[in-house]
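Chain residues, written in single-letter form:
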Amino acid sequence: MQYLTTQARKTTMRRTIGSLGMLLALSTQIAFASATASNNAVIEADERLAGLHQHIEATRAQWDIPGVGVAVVYKDEIIHMSGYGVLQQGENANVNPDTLFGVASTSKAMTAASLAMLVDEGKLDWDDRVIDHLPWFALSDPWVTAEVRVRDLLTHRVGVGRMTGNRLQFMPTASRQQVIEQMRYHEFEAPFRSRYVYSNVMYSTAGEIIAAITGQSWDAFMAQRLFQPLNMQRSNTSITQFADGDSNIAWPHQFIDGELVKIARRNFDNVGPSASVNTSVHDMAQWMRLQLGEPGVYNGTRILSEQVMAEMHRPQIATGRNDRTEAVRAYGFGWALDEYQGFQRSQHGGATDGFNTSLVLVPELDLGIVVITNTFSTYMHALVNDIVDRMAELPSQDWNGEYFERYNAQYERVLAERLEIEAERELNTTPSMPAEQLLGSYHDQQYGEVQVFKNENGGLSLHFWDDGVSILDLEHWHHDTYRAAWRNRAQREKFVHFTRARDGKPASLEVTFTLRPAMLQVGIYPTPYYRNVSFKRK
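Residues numbered from 1 in each chain as written. Predicted model: local features only at pLDDT ≥ 70, side-chain atom pairs only at ≥ 80, totals over all residues. Heavy atoms only, no water.

Colleague: Quick rundown of the environment of V450? Include the residues and the values.
Modeller: Its place among the elements puts V450 in strand 17 (residues 448-454). Judged by its relative accessible area of 0%, V450 is buried. Through-space distance from the C-alpha of V450 to that of G354 is 27 Å; in sequence the pair is 96 residues apart. Setting aside residues up to four positions removed in sequence, V450 forms contacts with G440, S441, Y442, L462, H463, F464, L509 and F535. (Helix = DSSP H or I, 4+ residues; strand = E, 2+ residues; numbered from the N terminus. Buried < 20%, exposed > 50% of the residue type's maximum accessible area, 1.4 Å probe, protein only. Contact = heavy atoms within 4.5 Å.)

Structure representation (structure tokens):
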């Protein structure tokens, strides 16, 4: 494929929208701002995006995605903004620019920006020790505990891994502090500061620092200091904050056993600063405007200093490189930093059980794009690439076709791996211990207590954390191994097995927690990233 030279691209991008286009963009924005939530008039104020609306409608249907929200910001103007499809499959209510979605890990950059405000005010330094603000913070290594800095939390270089996120559940009804305190029992996945290890709980810790310094919860600080100044009037930090009677909220969907189904909304309050923001594409457009143009300035008012804006988007830790010919990928403070077609990008994804977000900034083009869907796929990446190509006036490429083909090939490959695992199941075996003997409590220092009980159907079930919601039903797999299915189907399943002590009685319950499946649409297994936890019989 032939691409424009870097100089040609830069020259092209210096081109300004004509005065008519600028007036159109401005007038459309004003009209939208005064519109009701039900208004879904499409904003398309740049000729380079001609036909984009129809393209999205067609490709969304191809991917079987119920609803999509899209916003594009260019030179501090919203040049495309619209909703597509429906809030819930089988229903008629349409997605529009004010529709609320869970945007998951794109919350992280907002938490970093909130901390940056405290840096600007002289109340915090990026290299402050965490224990100087949270004396109760502790990890399994005392030296690391004393050395962890705010910068480490924000760059995923502490070395502790995933405990919760996406379909992974951990103490969902506990407080943030309770969840963080359990990390003192967590085994490090990598030595401190040795490499990038993604951790939602460490971002939650960063949010608790805001509370410790200001006396306000992270939630209250975000609402007052970030959402309000940026005119993010629809945004909140918890599904418990949805207004009574607000029907303009998307429902998450997930492919389960080959069928797309609506699933329950997920409460991420226990690690809110890492993942719990609910917002709309209109509000995300305001957030992108803060990052672009003159960074830190919104509608002529400086919200964050040039210094902290630069630091948040500066590479802090390398995250990868496929070969020597590629640009190094890195991570800033809540922003993944990479390159696309010679353009530097700051971007981040967000994935929960049934929502998927891609937010991409291309500073050289003064361009920002957000795509949010109410099911999980790689569709957003294809659409973002297409929009960048249009705005950069690069040769057209069938990104949607490429991603769709790749997605289906991955599905077939991972499904085959799953079927291989299931083919290894030995039929007609019986457990070595009767069900009655397995009943009782099992304990792990980090993961707490799990109860094995007999359910209403006479089978065995597991109940984690005695919270009334974290319940799985057991299906005998073979020998002393069981497949445990969450009653919340979106959480899928996991494998567990019981071990015997010398006296023949149960010694432990061994649970395999999938930290990231090979492909969620296929199921929790196969997985390249998991953790085995041994719960000892009490």
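Colleague: I'd love a proper account of the sheet that holds strand 20 (residues 481-486), names of residues and values included.
Modeller: The strand order around the closed barrel formed by eight strands is 16-17-18-19-20-21-22-23, and the pairing between neighbours is antiparallel. Direction aside, the axes of adjacent strands within the sheet are offset by 30° on average. Relative to strand 23 (residues 529-537), strand 16 (residues 440-444) is paired through two bridges, and the arrangement is antiparallel. Looking at strand 23, one finds that Y442 is bridged to R537. (Pairing = 2+ DSSP bridges. Axes fitted to C-alpha atoms, helices over the stretch in contact; angles between N-to-C directions.)

Colleague: Provide a residue-level description of unusual backbone geometry, including the pertinent values.
Modeller: In this structure, P526 follows Y525 across a cis peptide bond, with omega equal to 5°. Following the sequence through the fold, P526 ends up in the loop between strand 22 (506-516) and strand 23. Unusually for a residue other than glycine, W465 sits at a positive phi of about 65°. Inspection of the secondary structure assignment puts W465 in the loop between strand 18 (460-464) and strand 19 (471-478). Residue classification places W465 among the buried residues on the basis of a relative accessible area of 16%.

Colleague: If you had to explain the nonpolar core to someone new, which residues and values would you point to?
Modeller: Core analysis: the biggest nonpolar cluster contains 107 residues, and W126, W287, L462, F464, L509 and F535 have the highest contact counts within it. Looking at this core element by element, the count peaks at nine residues for helix 4 (residues 107-120). Setting aside residues no more than four positions away along its own chain, L462 makes contact with V450, Q451, V452, F453, S470, I471, L472, L474, A484, V496 and L509. Counting 36 residues, the second-largest nonpolar core is a separate cluster that includes A45, I369, A382 and V384. (Core = buried A, V, L, I, M, F, W, Y, C linked by side-chain atoms within 4.5 Å.)

Colleague: An account of helix 11 (residues 281-291) is needed here, citing residue identities and associated values.
Modeller: Judged by how many residues are buried, helix 11 sits mostly within the fold: 11 of 11 residues are covered. Of all the residues in helix 11, the buried ones are V281, H282, D283, M284, A285, Q286, W287, M288, R289, L290 and Q291. Downstream of helix 11 by one or two residues, G293 has phi in the positive range, about 60°.

Colleague: How would you sum up the packing of helix 3 (residues 52-63) against helix 13 (residues 379-392)? Please name residues and give values.
Modeller: For any two helices packed against each other, the geometry is given by the interaxial angle and the distance between the axes. Contact geometry for helix 3 and helix 13: axes closest at 11 Å, N-to-C directions at 160°. Compared by their axis directions, helix 3 and helix 13 come out roughly antiparallel. Helix 3 and helix 13 meet at a crossing whose hand is right-handed. Packed against helix 3, whose contacting residues are L52, H55, I56, T59, R60 and W63, the element helix 13 presents Y379, L383, D386, I387 and R390 at the interface. (Parallel < 35°, antiparallel > 145°, perpendicular 65-115°, else oblique. Left-handed = near helix turned anticlockwise from the far one by under 90°.)

Colleague: Explain the pattern of salt bridges residue by residue, including any values.
Modeller: Enumeration according to the criterion identifies 31 salt bridges in this entry. For R302, the salt bridge identified is with E306, shortest N-O distance 3.9 Å. Under the relative-accessibility criterion, R302 is labelled partly exposed at 33%. We classify E306 as exposed; its relative accessible area is 51%. Through salt bridges with shared partners, a single ionic network connects R418, E422, R425, E475, R483 and E493. (Salt bridge = Lys/Arg side-chain N within 4 Å of Asp/Glu carboxyl O.)

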